[in-house]
Amino acid sequence: MFNREKDMKRVPMMPVRDMVIFPQQMTPFIVGREASVRALEEALVGDKKIFLATQHDASVDDPKPDEIYAVGTLANIVQSVKLPDGNIKVLVEGVERARALSVTGEEGFFRANLRLLTARAEATPQTEQTVQKITALYEQFVKLSQSMNYETMIAAARVEDPARLADTIAANLLLPVDEKQDLLETVDPIERLNRLTDILEIEIEKLNVDRNINTRVKRQMERAQKEYYLNEKLKAIQKELGRGEKNETDELKKKIDAAGMPKDAHEKAVQELKRLELMPPMSAESTVSRNYLDWLLAVPWKKRSKEIRDIAAAEKILNEEHYGLDKVKERILEFLAVRQLVKNPKGSILCFVGPPGVGKTSLATSIGHATGRKFVRVSLGGVRDEAEIRGHRRTYIGALPGQIIQMMKKAGTTNPIFVLDEVDKMSTDFRGDPSSALMEVLDPELNHAFVDHYLDVEYDLSKVMFVCTANVLHTIPQPLQDRMEILRIPGYTEQEKLEIAKRYLVRKARKACGVGEKNLKYTDEGLLHIIRHYTHEAGVRNLEREIHNITRKVARKVVASGAAVSVEITAENAGEFLGILKFREIWAGKENEVGLTTGLAWTEIGGCVLSTETTLMEGKGRLTLTGKLGDVMQESAQAAMSYIRSRTAQFGLPKDFYRNIEIHVHVPEGAIPKDGPSAGITICTSMVSALTKIPVRCDLAMTGEITLRGKVLPIGGVKEKLLAAHRMGLRTIVLPKDNEKDLADIPQEILSSLTIHLVETMDEVLQIALERPIVLPEHAAVAPVAETFTAVADKDTSLTN
C-alpha cells in the first residue's frame, strides 16, 4: 500500500447539495445557482476539470467555504445541456479524491487549491478475500433490494481494483449524506471495504426483516380473502341445497337443550340464539352474542365428578401426602362421612390459616386427590377489582366472566375443589371491593344462586367445596370470616419437620437433582442440625431449600467423580455443605443481665422471640420508648410504669424515684414495626429489673398483658409462641393462667420439654423471672435511684445494654 499526494493549480469549485460524488462514477445533476453556473462555465472554457464538494447544510443557498466539506472529488465535465428554465443539466465523471487546501471567491464563484488523495491497494491474499466477501454481500443486497436493477448493479461492481469497487458500491447504496461523506474521506481502500462490509451486513438484515414482514402480511391477506371466498361459496352451496345457515343454528339449539341448564338460563340462551339468527354474520354484535352463547355452553351445568367415598382410602391418601395436621384431616374425613349419609349436603367452605410454608395450598390439592374431585385454584393476592370475582357486564368491549366462572369452566364439573389462595391479601380501591363480592360466593345460603355480571343468570355453586388459605385473619373482613370455617395450621415442631424431611423433602430433592439414594443419605441428627441451625421458620420452605442446596452439591460430586460417590449428612459435616451456622440457641453462653428480658411475639410467619432492654439515666422523669413500637405497645409500657409507681414500697423504691431519672425502654430490630398488648409483663419485668438492679433469668421467656393493678390477662397465638421458644432453645415459659386451655393444642413432645409457669399477677411473674427476690430495706428511707445510679453504673455495665 502506498499513498501519493501532489499539489495542483487552482480549479473551479462547485458545492453540491444532498449528494456525494465518488471517483470513477458517472453522476448527473442540475446546476441552478448563479455561483455554480459561473464555476461550471469557467471549467468548460478550460480543461473541463471541476472540484465537487458537498455542503454541510443543503438548505443554505449561498454557502461559505467553511460550510463546505474540505474533501471532495475532482471531476471531468462529460456533458452539459442548458434547460429552458435557465438551469444546466450536467453529467460528470469523478476522477480522484482531493482536499481543498484553500478556497477563494473573488470572481463570483469558488476556486480551490487542491491536493489529490490517491491510494492503491496491494494485491495480497487478504485483499482478495475482502474483495470476494464484499462482492458476495453486495450481490445478496442487490437481490433483496427491489428498487435496484440486478444486472446493471452487478455489472457495475465487477471490477478488480479494490478502490474502484468500494467507490462503486458506496455510490449505489442509499445512505445518509454524512455516512457517504465519511466513506469519501476514507482514503485507504481496504479500510473503506471493511466499513462497507459492516454497512452491507446491517442493510441486508433490515431487508430480510422487511421481507419477512411483507411475506407474513401478504399470507394473512391471502388467507383472509381465501376464507371469505370459501365461506361465501359454502353459503351459496348450502342455499342451493336448501340448508342455508340453519345448520349452525340447529347445532347450537341442540347443545343448549343438552347442556342441562336451569329454566331461566335455558330461556336466556334460546332468546340470545334467536337474536343471533337475525344478525348479519359479519357484524360485531353477532360476535358478542356468539361469545356469550359459547360461555353459557362451556360452563358445566350438570356434569359432576364421581367422588371417592371410601374414608379409609381418603385417609391413606392424606397421610401419604402430609404428615401431622390431624385436625384438618379429621375435618376432611368428617365431610366425606356426611356425604355418605346425606344425598345433597351443602358445600363446605374451609379456611386454612397459618404462616407461609406449612402446606395450606398443597393440603387443598390433597383434598382433591382424597375426594376424587377436580381441582382448580385462583390466587387473590393483590386483586382489587370486583370484576375479577363477578366479571364484566357485556356492554364493555372485551368483557369476560369473573374468575369464579372461568375456573368452573376449567374444572368442567359442578363439584370441584375450588381453592381461593391468599384470601387475606385482597385490596380495595375505586374499582370495588372484591372481598364483598366473595360473600355471595362463600355463603352456603346464597351461593346456589350466584350471578356473574357477564352470564347474567343464576349459577349454582352449592356443590363446590371451597377452600380458602390465608396467613392472617385480621385483614379479612369480619362478615367474610363469618362465612368460613377457620382451621388453624400454626406451624411444625422440630419432630414434625424431621419426619416431613425424611418422608418427603429428601426424596423430592433427590428426584429433582437426579441423585440416587445410595449417593446421598441423611442421619436424624444431621437433619435436626439443619433444622435448628440453618432454618428459623414455622413452615418447611427454607428447610427444603437447604436440602436442595446439599443435594445439588452432591450432584456435582457425582458428575465429577462418578456414580460411586456416597455422602452421609451428619451434624458434624453439614457445615461443609451449608457454610457457617445461620442461627444458634439464643441463650447459649449468655448470662443473666439487669434490664434485659426475653418476650414472645406472634407474626404473620409464626411465632418469634423478642428481647426488651431497659436502661436508667439521670433526668427529669421521662419515659422513652424506641424500637418502632405501635400505640398499643406504648400504652402497655405506660401501664407498666404506672403499676411500678403504685407499688414503690413493695419494690423498695422511694415514692418520687421517677423525678430524677429517665427510663429508656428499647425493643431491638428497630426497623420492624411491633404492636400488641402481649409484651406488657415483659416490659414491666425489664423496668423492675433495671430499677431494683436484680438480673432477669436469660433462659426464660414470657408473654402476657398487664393491667394497672398488676393482673396478667390472656393473649393469643400461644401455640406459635411456644413453638418459637422451643425452636430458639428457651425451656422456661411464663404464661397467663387463663391461657391454660390453649396448652391442649401443643404437641406432647413440646410440652414435656418445657417448664410452663401459669401466672395471674405481676408479683408471680417477678418471683419467677428475677434472679433473686426483691429484698426490702430495713429502714423506711430508701436511697433515691438517681443517687445510686452513678455509683452502680461503673460496676454494673449491664445497665446500658
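Up top is the structure.
(A) Region of the structure containing the overall build of the protein chain. The helix and strand inventory of the protein chain stands at 26 helices and 26 strands. Relative to the compact-globule value of 28 Å for 801 residues, the protein chain shows a C-alpha radius of gyration of 44 Å, a clear excess of over 25%. Once the C-alpha set of the protein chain is aligned to its principal axes, its extents read approximately 130 × 95 × 65 Å. Of the contacts made within the protein chain by residues no fewer than 6 positions apart, 74% connect residues no fewer than 24 positions apart. Approximately 41300 Å² of the protein chain is accessible, and the part contributed by carbon and sulfur atoms is 50%. Computing the positive centroid from 110 side-chain charges and the negative centroid from 115, the protein chain places the two 5 Å apart.

(B) Up close: helix H23 (residues 718-727). Judged by how many residues are buried, H23 sits mostly within the fold: 10 of 10 residues are covered. Listed in full, the buried residues belonging to H23 are Val718, Lys719, Glu720, Lys721, Leu722, Leu723, Ala724, Ala725, His726 and Arg727. The inward-facing, buried residues of H23 abut helix H17 (494-513), strand E18 (596-603), strand E19 (606-618), strand E25 (732-736), helix H24 (748-753) and strand E26 (755-759). Directly beyond the C-terminal end of H23, a positive phi value near 85° is found at glycine 729.

(C) Up close: the environment of leucine 581. Along the chain, leucine 581 turns up in the loop between helix H20 (574-578) and E18. By relative accessible area, which is 44% here, leucine 581 ends up partly exposed. Taking the C-alpha atoms as reference points, leucine 581 and glutamate 440, separated by 141 residues in sequence, lie 50 Å from one another. If we ignore the near neighbours within four places in the chain, the residues touching leucine 581 are His529, His533 and Tyr534.

(D) Broad picture of a negative patch on the surface. Judged by side-chain charge, Asp178, Glu179, Asp182 and Glu185 come together as a negatively charged surface patch. The topology assignment puts aspartate 182 in helix H5 (residues 177-185).

(E) Seen up close, the sheet that holds E18. Taking strand neighbours across the sheet as the criterion, the seven strands line up as E20-E21-E19-E18-E22-E25-E26 in an open arrangement whose pairing is mixed. Two strands lie at the open edges of the sheet, namely strand E20 (623-626) and E26, each paired on one side alone. Between one strand axis and the next, the sheet turns through 25° on average, direction left out of account. As judged from the five bridges shared by E25 and E26, these two strands associate in the parallel manner. Counted as the bridge partner of valine 734 is histidine 757 from E26. Along the sheet face, helix H21 (residues 631-646) touches E20 and strand E21 (661-666) and points at about 150° away from the line of E20. Here helix H22 (residues 680-692) sits on the sheet in contact with E18, E19, E20, E21, strand E22 (700-702) and E25, set at roughly 30° to E19.

What counts and how
Residues numbered from 1 in each chain as written. Predicted model: local features only at pLDDT ≥ 70, side-chain atom pairs only at ≥ 80, totals over all residues. Heavy atoms only, no water. Helix = DSSP H or I, 4+ residues; strand = E, 2+ residues; numbered from the N terminus. Rg over C-alpha atoms; globule rule 2.2 N^0.38 Å. Contact = heavy atoms within 4.5 Å. Areas by Shrake-Rupley, 256 points an atom, 1.4 Å probe, with all protein chains shown as cover. Lys, Arg positive; Asp, Glu negative; His and termini not counted. Charge placed at Lys NZ, Arg CZ, Asp CG, Glu CD. Buried < 20%, exposed > 50% of the residue type's maximum accessible area, 1.4 Å probe, protein only. Patch = residues over 30% accessible without salt bridge, like charges linked within 9 Å, V, L, I, M, F, W, Y side chains within 5 Å. Salt bridge = Lys/Arg side-chain N within 4 Å of Asp/Glu carboxyl O. Pairing = 2+ DSSP bridges. Axes fitted to C-alpha atoms, helices over the stretch in contact; angles between N-to-C directions.

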